[in-house]
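One-letter residues, chain by chain:
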Amino acid sequence: MAVASNVDYLTGFPLRDRLYSSLEELVNKGGLEKTRFSVVLIDVDRFKGFNDKFGHLFGDKILEYIAYTISSHFSEIGCRFFRYGGDEIVIAMLGQDAKQSYRLMKTCAVDLYRRPYMFKNKTHKISLSCGIACFPEDGLFVEELLQKADKAMYFSKRRGRNAVTLAADMPRLR
């Protein structure tokens, strides 16, 4: 009998089913200890195009490259990473407020874009659309934080992709 894994084989990140319990733990801890954290929802821009043009194995390599870059970028701060689904990744940045999370994620996204992925002697620029929601400012519940991060991520896509948007900034940016 096969045992289901809770870890994604491409990224090495826990899967979506572990995300909710982990964020719930952070919400509970944050409420008791008055600690903050940010939820970052990342979507790879034009990922379907990579798969359609170069095949799913190429798409897998892109996801591995992104996961490595992201985890390397945030190795110095406390983060929890999750494969949310398809080409979406969630990061819980522990102890980070909105400005810190924005700055960190923007630096990571710019670095990834400036270091194209090499495949068959051709470089491929990778960009990310990211949305960030912060506890407790943007929400006190897991679903609320994920929903606001999701809306901010789609706002980044509508603004032209390759962008990071704070949920709290959306009304001002419209």
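Now for a look at the structure at hand. Along each chain, residue indices are assigned from 1 in the same order as the chain's sequence is written. Two thresholds apply to this predicted model, a pLDDT of at least 70 for residue-level local features and 80 or more for giving and counting side-chain atom pairs, whereas whole-chain, interface and lining totals are computed over all residues. Derived side-chain values reflect all non-hydrogen atoms in the structure, with water molecules and hydrogen atoms excluded from consideration.

## Description of the overall build of the chain
Alright, step 1. Helix and strand content of the chain: six helices and seven strands.
Alright, step 2. The C-alpha radius of gyration of the chain comes to 16 Å, within 12% of the 16 Å expected for a compact globule of 174 residues.
Alright, step 3. Dimensions of the chain, computed from the C-alpha atoms along their principal axes, are close to 50 × 50 × 25 Å.
Alright, step 4. The classification of residues rests on relative accessible area computed with a 1.4 Å probe and restricted to protein chains. Under 20% of the type maximum is buried, over 50% is exposed, and intermediate values are partly exposed. Across the 174 residues of the chain, 47% fall into the buried class.
Alright, step 5. The contact rule is simple, with two residues in contact once any of their heavy atoms fall within 4.5 Å. Here the analysis covers contacts within the chain between residues at least 6 apart in sequence; of these, 65% occur between residues at least 24 apart.
Alright, step 6. The method behind every accessible area is Shrake-Rupley, applied with a 1.4 Å probe, and residues are considered shielded solely by the protein chains displayed. Here the chain displays about 9,400 Å² of accessible surface, and carbon together with sulfur accounts for 53% of that area. Working definition: helices are DSSP H or I runs of at least four residues, strands are E runs of at least two. Numbering for both runs from the N terminus. Two things to know: the radius of gyration comes from C-alpha atoms, and the globule rule equals 2.2 Å times the number of residues to the power 0.38.

## A word on the pattern of salt bridges
Alright, step 1. Salt bridges are counted wherever a side-chain nitrogen of Lys or Arg sits within 4 Å of a carboxyl oxygen of Asp or Glu. Under the definition given, this model contains ten salt bridges.
Alright, step 2. As a salt-bridge pair, Lys148 and Glu144 come within 3.9 Å of each other at their nearest N and O atoms. Highlighted residues: Lys148 and Glu144, both in helix α5 (residues 142-158), separated by four residues, approximately one helical turn.
Alright, step 3. Assessed through its relative accessible area of 31%, Lys148 is described here as partly exposed.
Alright, step 4. Owing to a relative accessible area of 28%, Glu144 belongs among the partly exposed residues under this scheme.
Alright, step 5. Two residues, Asp169 and Arg172, come together in a salt bridge whose shortest N-O distance is 3.5 Å.
Alright, step 6. In the salt-bridge network here, residues are joined through shared partners; they are Asp43, Asp45 and Lys157.

## Topic: the pairing of strand β6 (residues 128-135)
Sheet faces and side chains relate simply in a regular strand, where the side chains alternate between the two faces.
Alright, step 1. In terms of residue burial, β6 counts as a mostly covered element, since eight of its eight residues are buried.
Alright, step 2. Residues Leu128, Cys130, Ile132 and Cys134 of β6 are buried on one face, and the alternating residues Ser129, Gly131, Ala133 and Phe135, pointing to the opposite face, are buried as well.
Alright, step 3. Here eight bridges tie strand β1 (residues 37-44) to β6, and the two strands are oriented antiparallel to one another. Directly across from Val44, in β6, lies its bridge partner Leu128.
Alright, step 4. A pair of strands is considered paired only if DSSP assigns at least 2 bridges between the two. Here four bridges tie β6 to strand β7 (residues 163-166), and the two strands are oriented parallel to one another. Within β7, the residue paired with Ile132 across the bridge is Leu166.
Alright, step 5. If you view a crossover with the strands going away from you and the path from the first strand over the helix to the second runs clockwise, you call it right-handed. For the segment spanning β6, α5 and β7, crossover handedness is left-handed.

## Side note on unusual backbone geometry
Alright, step 1. In this structure, the amide linkage connecting Phe135 to the following residue, Pro136, adopts the cis form with an omega of 5°.
Alright, step 2. Of note, Pro136 is situated in the loop between β6 and α5.
Alright, step 3. In this structure, Asn121 is a non-glycine residue whose phi angle is positive, near 60°.
Alright, step 4. Along the chain, the position of Asn121 falls in the loop between β4 (117-119) and β5 (122-124).
Alright, step 5. Of note in the backbone geometry, Arg161 takes a positive phi value of approximately 70° without being a glycine.
Alright, step 6. Its place among the elements puts Arg161 in the loop between α5 and β7.
Alright, step 7. Under the relative-accessibility criterion, Arg161 is labelled partly exposed at 32%.

## Quick look at the sheet that holds β1
Alright, step 1. Reading across the sheet, the five strands line up as β2-β3-β1-β6-β7 and stay open at both edges, with mixed pairing between neighbours. Since the sheet does not close on itself, it has two edges, and those belong to β2 (79-85) and β7, each with one partner. On average, each strand axis in the sheet is tilted by 20° relative to the strand beside it, whichever way the strands run.
Alright, step 2. Bridge count between β1 and strand β3 (residues 88-94): seven bridges; the pairing is antiparallel. By the bridge assignment for β3, Ser38 is matched with Met93. In this analysis an axis means a line fitted to C-alpha atoms, helices contributing only their contacting stretch, and an angle means the value between N-to-C directions, from 0 to 180 degrees.

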